[in-house]
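# Chains, contacts and geometry: an overview
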Amino acid sequence: DQEIALGRDFTTLSRHVLSHLGSYSADAYDLSALMSRIGLAGKMVSRHLSRAGLVEDALGVTGEVNVQGEAVKKMDQYANRIFIRAFEQSGLVCRLASEEMEKPYYLPENCPIGRYTLLFDPIDGSSNIDANLAVGSIFSVRQQEGLDESGEALDLLQNGHKQIAAGYILYGSSTMLVYSIGKGVHSFTLDPSFGEFVLSQEHVRIPSHGPTYSINEGNFWQWEDNIREYVRYIHRQPGYSARYSGALVADIHRILFQGGIFLYPGMVGHLDGKLRLLYESAPLAFLVTQAGGRATTGKQEVLDVVPQKLHSRTPLFIGSSEDVALVETFLRGEKPTG
Ligand code: P6P
């Protein structure tokens, strides 16, 4: 009723973070302010995407390859700049690392040590934009350790348990922000009528099994044989549906809420697969694990992987615990019993 709606409308992102941290310490306020800046960036990316086809300099509607290629790059770079601008003069984040930047970007006014580092993929699945399909942003927050005078950001080359917060923004039929600060997974929906992310679900739990398997079967002959055996097995099982959107965030969102598994295996010539660890697989592994699911590279838990480089890739098998366990059975060269 009205009271419930009022309560929900006033559970904004920043207030939710504070309430879940259960304290009003400086750290809690910083993290709360950081999350609301991420929400601000998400609102701005969402607005730009919704006008992409109309705003001349965003996406060429002519569809010529060079314009589209350039336009998609423009959108990726535009979204990248939005995230950077969101943290200028914030005092919170000294360093940003993203798929769009070879080297980390430093905010001099917040450095030499501005507490946090934001790792992000500003637009994940950007090839979907000119098809007007869902895309997402993925973010991960880590504590900056040391002054990073070399600019090599070596303190980022640590495992995913170092993440303080992680989540994504899904620009779909509605714009949703799903995040965790290590105290469960919570989802917010952008209410465009007053431009706020409003709490839609607390303590999201992924089902232990689900009907969706999400993999690009166009790569069938590039996979190792155990993965082909797994997919042939799934084809013979009743009750599975193949869903693959080309945008990781959209596929993971479906699986987080309905159960199932997303797979991006290694391939011939790309044994580490395609997805980046620090700002794609690790934040999503943090989130799915917090919701009671699992994420593995096939050899180890994604959260345990120590990257060699900022843009290291890993294979990714992520989703419902039972469905991840089934893939692991095939990866061991075994067949499921029963
Ligand atoms: P493929 C988008 O380029 C992306 O990084 C993810 O969002 C998506 O899941 C994957 O790559 C799609 O890759 O090789 O299946 O087109």
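Residues numbered from 1 in each chain as written. Predicted model: local features only at pLDDT ≥ 70, side-chain atom pairs only at ≥ 80, totals over all residues. Heavy atoms only, no water.

Labelled according to an unreviewed UniProt entry, the protein chain appears under the name Fructose-1,6-bisphosphatase class 1, originating from Tumidithrix elongata BACA0141. In UniProt, the protein chain has this text filed under Pathway (unreviewed entry): "Carbohydrate biosynthesis; Calvin cycle." Taken directly from UniProt, the Subunit (unreviewed entry) text for the protein chain runs: "Homotetramer." (UniProt positions renumbered as here; feature names shortened; annotations may be inferred.)

### With respect to the overall build of the protein chain
The helix and strand inventory of the protein chain stands at 8 helices and 13 strands. Scaling as 2.2 N^0.38, a compact globule of 338 residues should have a C-alpha radius of gyration of about 20 Å, and the protein chain matches this with 20 Å. By principal-axis analysis of the C-alpha atoms, the protein chain measures approximately 55 × 50 × 45 Å. Here the protein chain, with 338 residues, has 52% of them falling under the buried criterion. Considering only contacts within the protein chain whose residues lie at least 6 apart along the sequence, 63% involve residues at least 24 apart. Only carbon and sulfur atoms are counted for the fraction: they give 51% of the accessible area of the protein chain, which is about 15000 Å². Of note, the protein chain has its 30 positive side-chain charges centred 2 Å away from the centre of its 39 negative side-chain charges. (Helix = DSSP H or I, 4+ residues; strand = E, 2+ residues; numbered from the N terminus. Rg over C-alpha atoms; globule rule 2.2 N^0.38 Å. Buried < 20%, exposed > 50% of the residue type's maximum accessible area, 1.4 Å probe, protein only. Contact = heavy atoms within 4.5 Å. Areas by Shrake-Rupley, 256 points an atom, 1.4 Å probe, with all protein chains shown as cover. Lys, Arg positive; Asp, Glu negative; His and termini not counted. Charge placed at Lys NZ, Arg CZ, Asp CG, Glu CD.)

### Some points on the packing of helix H5 (residues 225–236) against helix H8 (residues 321–331)
Contact geometry of H5 with H8 gives a least axis separation of 8 Å together with a crossing angle of 130°. Taken together, the axis directions place H5 and H8 in an arrangement best described as oblique. H5 and H8 meet at a crossing whose hand is right-handed. Counted together, Asn226, Ile227, Glu229, Tyr230, Tyr233 and Ile234 of H5 and Leu326, Val327, Phe330 and Leu331 of H8 form the full contact between these two elements. Classifying every residue of the contact of H5 with H8 gives 8 nonpolar, 1 polar and 1 charged. (Axes fitted to C-alpha atoms, helices over the stretch in contact; angles between N-to-C directions. Parallel < 35°, antiparallel > 145°, perpendicular 65-115°, else oblique. Left-handed = near helix turned anticlockwise from the far one by under 90°. Nonpolar A, V, L, I, M, F, W, Y, C, P; charged D, E, K, R; others polar.)

### Side note on helix H7 (residues 277–290)
Counted residue by residue, H7 has 12 buried out of 14 residues, so it is predominantly covered. Where H7 is concerned, the buried positions are Leu277, Leu278, Tyr279, Glu280, Ser281, Ala282, Pro283, Leu284, Ala285, Phe286, Leu287 and Val288.

### Thoughts on the packing of helix H2 (residues 13–21) against helix H3 (residues 26–50)
One can describe the packing of H2 onto H3 by two numbers: an axis separation of 8 Å at closest approach and a directional angle of 150°. On the basis of the axis angle, H2 is roughly antiparallel to H3. As for how H2 packs across H3, the hand of that crossing is right-handed. Of the residues in H3, those in contact with Leu13, Ser14, Val17, Leu18 and Leu21 of H2 are Ala28, Tyr29, Leu31, Ser32, Met35, Ser36 and Gly39.

### A look at the UniProt feature "domain: Fructose-1-6-bisphosphatase class 1 C-terminal" (unreviewed entry) in the protein chain
Per the UniProt record, "domain: Fructose-1-6-bisphosphatase class 1 C-terminal" (unreviewed entry) is found at residues 206–331. Measuring from the first to the last C-alpha atom of residues 206–331 gives 23 Å, for a span that is 38% helix and 13% strand.

### Quick notes on the site of the ligand
In the region of the ligand, the neighbouring residues are Asp124, Gly125, Asn216, Tyr244, Gly246, Ala247, Leu248, Phe262, Tyr264, Lys274, Leu275 and Glu280. Here leucine 248 contributes a backbone N or O atom positioned 2.9 Å from an oxygen atom of the ligand. Taking tyrosine 264, its side chain carries an N or O atom lying 2.6 Å from an oxygen atom of the ligand. Expressed as a share of its isolated accessible area of 400 Å², the protein-covered part of the ligand is 79%. (Near = heavy atom within 4 Å. Polar contact = N/O pair within 3.5 Å; in protein donor to acceptor, adjacent residues only side chain to side chain.)

### Examining the pairing of strand E8 (residues 196–201)
Regular strands place side chains that alternate from one sheet face to the opposite one. In the sheet, strand E7 (residues 186–191) pairs with E8 via 5 bridges, with the strands oriented antiparallel. When the bridges of E8 are listed, serine 187 appears paired with glutamine 201. The hairpin formed by E7 and E8 contains 4 residues between the paired strands, and glycine 195 there has a positive phi angle of roughly 60°. (Pairing = 2+ DSSP bridges.)

### Remarks on the side chain of histidine 186
Topologically, histidine 186 is positioned in strand E7. Since its relative accessible area comes to 1%, histidine 186 is described here as buried. Within the structure, histidine 186 has its side chain in polar contact with the backbone nitrogen of histidine 203 (distance 3.0 Å). What histidine 186 contacts, discounting residues up to four positions off in sequence, is His16, His20, Leu177, Val178, Tyr179, Gln201, Glu202 and His203.

### Details of the sheet that holds E8
Taken in spatial order, the 8 strands make up an open sheet running E2-E1-E3-E4-E5-E6-E7-E8, and their pairing is mixed. Of all strands in the sheet, those with a lone pairing partner are strand E2 (105–106) and E8, marking the two edges.

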